[in-house]
Amino acid sequence: MLRLRWWQKGMVGVSLGVLTFLYLPIVMLVIFSFNDSKVTSFPLAGFTLHWYEAFLANAQMLRALANSLWVALFATALSVVIGVTAALALDRYDFPGKRLFQNVILLPLSLPGIVTGIAMLNFYKQIGIPQSLTAVVIGHATALLGVVVSQVMARLAKINRRQFEASADLGATPFETFRHVTLPSIRSAVLGSALLCFTLSFDEIPVTYFLTGREVTLPIYIYSTLRRGITPEINAIGTVIVAVSFVLIVLSVTLLRERERS
Amino acid sequence: MTLTRRTFPGFAALFSLPLAWVLLLMVVPYAIMVAVGFWTRQFPLFYPDFQFGNYAQILADPQYTTVILRTLKIAALVTVCALLLGYPLAYFLVFTIRSQKVRNLLYMSVIVPLWVSYLLRAYTWKIILGTDGALNSLLVSTGLVSAPLDIFLYNQTAMVVTLVYIFVPFMVMPLFTVLDNIPRRLLEASEDLGVGPFMTFWKVIFPLSLGGVVAGATMTFCLSFGDFVAPVLVGGPDGTMVANLLQTQFGAALNWPLGSALATLVLALVLILLQLSSRLDRAGRIDL
């Protein structure tokens with residue numbers, strides 16, 4: 001029988017409190033997106049889909065949404081291609097500066113995004129690339145490289161190396177080995193980190209803030225709208241973003257945690 | 001594999017693109033930022049130079065030092081609060097929940113919000129704490145207060161609450177990992193020796209979890225130190241943080257050299273903390 005002491009009960013209490021704390025604000029956002037009132041206050045005024053209609057009719061917001069989707073798509077593709085190649089090289093070879101390289105690509109993940117944004121802005125200014133969505137794509141792909149490399153390397157470390165040797169002994173070219181042996185065993189890690197990259201790029205603010213030009217992404221559009229004041233439209237688009245992100249992230253975490261079956 | 005004449009071509013084929021990409025698009029930009037920090041500004045242009053004027057200005061002008069100290073204070077508060085909330089949660093997940101399935105589900109539900117739109121999670125506190133917001137209307141409708149209060153939003157407390165909310169999962173993640181890795185036989189041994197659960201926690205579990213505490217605290221501190229969204233959305237007139245100063249230098253104030261110097265200071269602080277934390281982590285690790 002599990003008996004808890006007072007301090008253990010306290011810990012359980014705090015835990016349930018923290019879980020509520022994590023989800024209550026998101027629930028609020030969803031509730032108020034259906035609330036028939038311009039202010040976000042209780043008691044609720046009644047059910048409406050008006051705010052969803054409003055954002056679907058907002059051409060600027062939809063344009064920003066499309067921009068965000070394109071940016072996230074291209075940034076993810078670049079990150080995956082470069083990240084997987086880097087992970088393969090790091091997993092297979094020992095070379096001087098290997099640790100340093102690994103630490104450098106992880107840096108943008110623990111460094112406040114604003115510093116990375118400023119560094120890239122300075123660089124683009126020096127070489128004459130104008131602030132634009134292309135600049136944002138390159139920025140995101142670079143900053144998110146660490147996500148792909150760390151996840152794919154973790155998976156590669158679990159693979160039995162004999163498989164590669166066997167494949168080579170049987171006369172497969174390195175590309176054939178990659179295509180038929182390596183790729184199938186890292187597929188879920190690649191897919192999982194791609195989904196994570198996509199969501200992170202779609203929601204990214206600090207780097208985008210410095211690199212974007214006249215065309216803006218959805219988070220930047222929302223951010224600049226919020227500085228002027230709250231509109232319930234934001235609750236509606238916010239609910240959609242949260243819902244989609246949730247699905248993508250749950251999928252990604254499931255794929256990344258999947259153990260290799262061999 | 002170590003590199004030999006035979007393995008080098010394969011290595012070069014794989015590694016040259018990532019290396020070139022990272023050098024050109026990540027290392028060079030950080031280096032340029034550090035360099036621009038030494039430049040001079042003659043409004044509205046900047047000139048290459050090597051002088052420490054920007055750093056001297058940041059460290060001498062109270063306008064900057066106040067903000068830096070305030071940011072350190074807020075980041076420290078956020079870290080402590082996140083630890084106080086995150087530790088019990090991680091402990092609960094690892095030691096109280098018996099079913100592996102339930103534990104994984106709960107752990108996932110703590111981690112998932114971390115990756116869900118950071119902007120929207122900060123924004124929700126604006127609709128909760130505002131004068132017309134959810135909290136006020138709830139207080140008024142239950143009769144606890146007679147008129148909406150404006151004390152909740154636009155101050156440092158609101159910023160700390162929002163940042164703790166955003167970063168608490170970062171604290172839980174490493175704590176969960178270290179606690180989950182503590183061999184159960186150690187706890188059984190402690191129990192068999194007649195040690196009570198509280199002393200077992202204090203003498204066995206807590207020391208073994210210090211690596212996770214350090215890792216989580218470093219992450220939380222570094223990221224909340226450089227946040228600029230929460231101050232803009234829920235911070236008040238006295239809520240300016242370092243990141244907002246940076247925004248201004250690259251916007252209205254148009255002083256890139258000073259901004260780059262300030263960003264370099266943030267970079268240095270983060271690097272030092274990461275270095276310290278990886279050392280502490282190694283020192284605190286006990287081989288079992």
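For clarity, every value in this text was computed on a predicted model and none was experimentally measured.

Peer 1: Would you mind going over the overall build of chain B in detail, with residue names and values included?
Peer 2: Helix and strand counts for chain B stand at 13 helices and two strands. The C-alpha atoms of chain B give 24 Å as radius of gyration, which overshoots the globular expectation for 288 residues (19 Å, by more than 25%). Reported as C-alpha extents along the three principal axes, the dimensions of chain B are approximately 80 × 70 × 35 Å. Across the 288 residues of chain B, 43% fall into the buried class. A separation threshold of at least 6 residues defines the contact pool for chain B, and within that pool the share at least 24 residues apart is 71%.

Peer 1: Break down the overall build of chain A for me, citing the residues and quoting the values.
Peer 2: Per the secondary structure count, chain A includes twelve helices and zero strands. Shown N-terminal to C-terminal, the secondary structure of chain A runs as helices and strands in the order α-α-α-α-α-α-α-α-α-α-α-α. With the C-alpha coordinates aligned to their principal axes, the bounding extent of chain A is approximately 70 × 70 × 30 Å. The proportion of buried residues among the 262 residues of chain A is 45%. For chain A, contacts bridging at least 24 residues in sequence account for 81% of all contacts bridging at least 6.

Peer 1: I'd like a rundown of the packing of helix α3 (residues 59-92) of chain A against helix α1 (residues 8-36) of chain B, residues and numbers included.
Peer 2: For any two helices packed against each other, one specifies the crossing angle of their axes together with the interaxial distance. Direction vectors running N to C along α3 of chain A and α1 of chain B enclose 130 degrees, while the axes themselves pass 8 Å from each other. Between α3 of chain A and α1 of chain B, the angle falls in the class oblique. In this structure, the crossing between α3 of chain A and α1 of chain B has a hand that is left-handed. Each of I82, T85, A86, L88 and A89 of chain A in α3 of chain A lies in contact with α1 of chain B, whose residues at this interface are F11, L14, F15, L17, P18 and W21 of chain B. Broken down by class, the residue content of the contact of α3 of chain A with α1 of chain B amounts to ten nonpolar, one polar and no charged.

Peer 1: Describe the nonpolar core, and please don't skip the residues or the numbers.
Peer 2: Core analysis: the largest hydrophobic core is formed by 158 residues, its most contacted members being I118 of chain A together with A90, F167 and V168 of chain B. The leading source of residues in this core is helix α7 (residues 156-180) of chain B, at 16 residues. Contact partners of I118 of chain A, with chain neighbours within four places excluded, come to F210 of chain A together with M33, L246, F250, G259, S260 and A263 of chain B.

Peer 1: Tell me about the UniProt feature "domain: ABC transmembrane type-1" (unreviewed entry) in chain B, and name the residues and values.
Peer 2: Residues given the UniProt feature "domain: ABC transmembrane type-1" (unreviewed entry) here are residues 68-277 of chain B. Summarising residues 68-277 of chain B: 78% helix, 0% strand, and an end-to-end C-alpha distance of 21 Å.

Peer 1: If you had to explain the packing of α3 of chain A against helix α6 (residues 133-143) of chain A to someone new, which residues and values would you point to?
Peer 2: Residues and elements named next belong to chain A. Running from amino to carboxyl end, α3 crosses α6 at an angle of 40 degrees, the nearest separation of the two axes being 8 Å. Relative to α6, α3 is oriented oblique. Both α3 and α6 take part in a crossing whose hand is right-handed. From α3, N67, V71, F74, A75, L78 and S79 reach across to α6, where they touch L133, V136, V137, H140 and A141. Its residues placed into classes, the contact of α3 with α6 shows eight nonpolar, three polar and no charged.

Peer 1: Provide a residue-level description of the UniProt feature "transmembrane region" (unreviewed entry) in chain A, including the pertinent values.
Peer 2: All names here are of chain A. Mapped onto the present numbering, the UniProt feature "transmembrane region" (unreviewed entry) falls on residues 12-34, 69-88, 100-121, 133-154, 189-211 and 234-256. End-to-end, the C-alpha atoms of residues 100-121 are 24 Å apart, and along that stretch the chain is 91% helix and 0% strand. Annotated as residues 133-154, this span is 95% helix and 0% strand, and its ends, taken at the C-alpha atoms, are 32 Å apart.

Peer 1: Outline unusual backbone geometry, listing residues and values.
Peer 2: Residues and elements named next belong to chain B. Unusually for a residue other than glycine, L254 sits at a positive phi of about 45 degrees. Here L254 shows up in the loop between α12 (242-250) and α13 (256-284). The class for L254 is partly exposed, based on 15 C-beta atoms found within 10 Å.

Peer 1: Summarise the UniProt feature "transmembrane region" (unreviewed entry) in chain B; cite the residues concerned and give the values.
Peer 2: All names here are of chain B. Residues given the UniProt feature "transmembrane region" (unreviewed entry) here are residues 12-39, 74-93, 105-123, 158-179, 200-233 and 253-276. Taken end to end, residues 12-39 has its terminal C-alpha atoms 37 Å apart, with 89% of it in helix and 0% in strand. As annotated, residues 105-123 has a helix share of 89% and a strand share of 0%, and its two end C-alpha atoms lie 26 Å apart.

Peer 1: So, the interface of chain A and chain B: which residues are in play, and what are the values?
Peer 2: Across the contact, 67 residues belong to chain A and 76 residues belong to chain B. Considering each element in turn, the side of chain A that touches chain B owes the most residues, 14 residues, to helix α1 (residues 6-33) of chain A. Residue classes in the side of chain A that touches chain B are distributed as 50 nonpolar, twelve polar and five charged.

Peer 1: Explain the confidence of the model for chain B residue by residue, including any values.
Peer 2: Note that predicted coordinates carrying low pLDDT should not be read in detail. All names here are of chain B. In this model, chain B carries a mean pLDDT of 86, and residues with pLDDT of at least 70 account for 98%. Predicted confidence in chain B is weakest over helix α6 (residues 134-141), with a mean pLDDT of 80, and strongest over helix α3 (residues 62-96), with 92. Scoring of the predicted complex yields 0.89 for pTM and 0.88 for ipTM.

Peer 1: So what's going on with the UniProt feature "domain: ABC transmembrane type-1" (unreviewed entry) in chain A? Which residues, and what values?
Peer 2: On the UniProt side, "domain: ABC transmembrane type-1" (unreviewed entry) is annotated at positions that read residues 65-252 of chain A here. Secondary structure content for residues 65-252 of chain A is 84% helix and 0% strand, and the end C-alpha separation is 22 Å.

Peer 1: Residues and numbers for the environment of I26 of chain A, please.
Peer 2: Secondary-structure assignment places I26 of chain A in helix α1. For I26 of chain A, a count of 20 C-beta atoms within 10 Å translates into the label buried. The spacing of I26 of chain A and A243 of chain A is 217 residues in sequence and 10.0 Å in space, taken between C-alpha atoms. Other than its neighbours up to four places away in sequence, I26 of chain A contacts V242 of chain A together with T124 of chain B.

Peer 1: Go over the environment of L133 of chain A with me, naming the residues and quoting the values.
Peer 2: All names here are of chain A. Mapped onto the secondary structure, L133 falls in helix α6. A C-alpha to C-alpha distance of 6.9 Å links L133 and E215, two positions 82 residues apart in sequence. Setting aside residues up to four positions removed in sequence, L133 forms contacts with N67, V71, T212 and E215.

Quick notes on the rules
- Residues numbered from 1 in each chain as written.
- Chains lettered and ligands numbered in written order.
- Predicted model: local features only at pLDDT ≥ 70, side-chain atom pairs only at ≥ 80, totals over all residues.
- Helix = DSSP H or I, 4+ residues; strand = E, 2+ residues; numbered from the N terminus.
- Rg over C-alpha atoms; globule rule 2.2 N^0.38 Å.
- Buried ≥ 20, exposed ≤ 12 C-beta atoms within 10 Å, placed from the backbone.
- Contact = placed C-beta atoms within 7 Å.
- Axes fitted to C-alpha atoms, helices over the stretch in contact; angles between N-to-C directions.
- Parallel < 35°, antiparallel > 145°, perpendicular 65-115°, else oblique.
- Left-handed = near helix turned anticlockwise from the far one by under 90°.
- Nonpolar A, V, L, I, M, F, W, Y, C, P; charged D, E, K, R; others polar.
- Core = buried A, V, L, I, M, F, W, Y, C linked by C-beta atoms within 7 Å.
- UniProt positions renumbered as here; feature names shortened; annotations may be inferred.
- pLDDT = per-residue confidence, 0-100.

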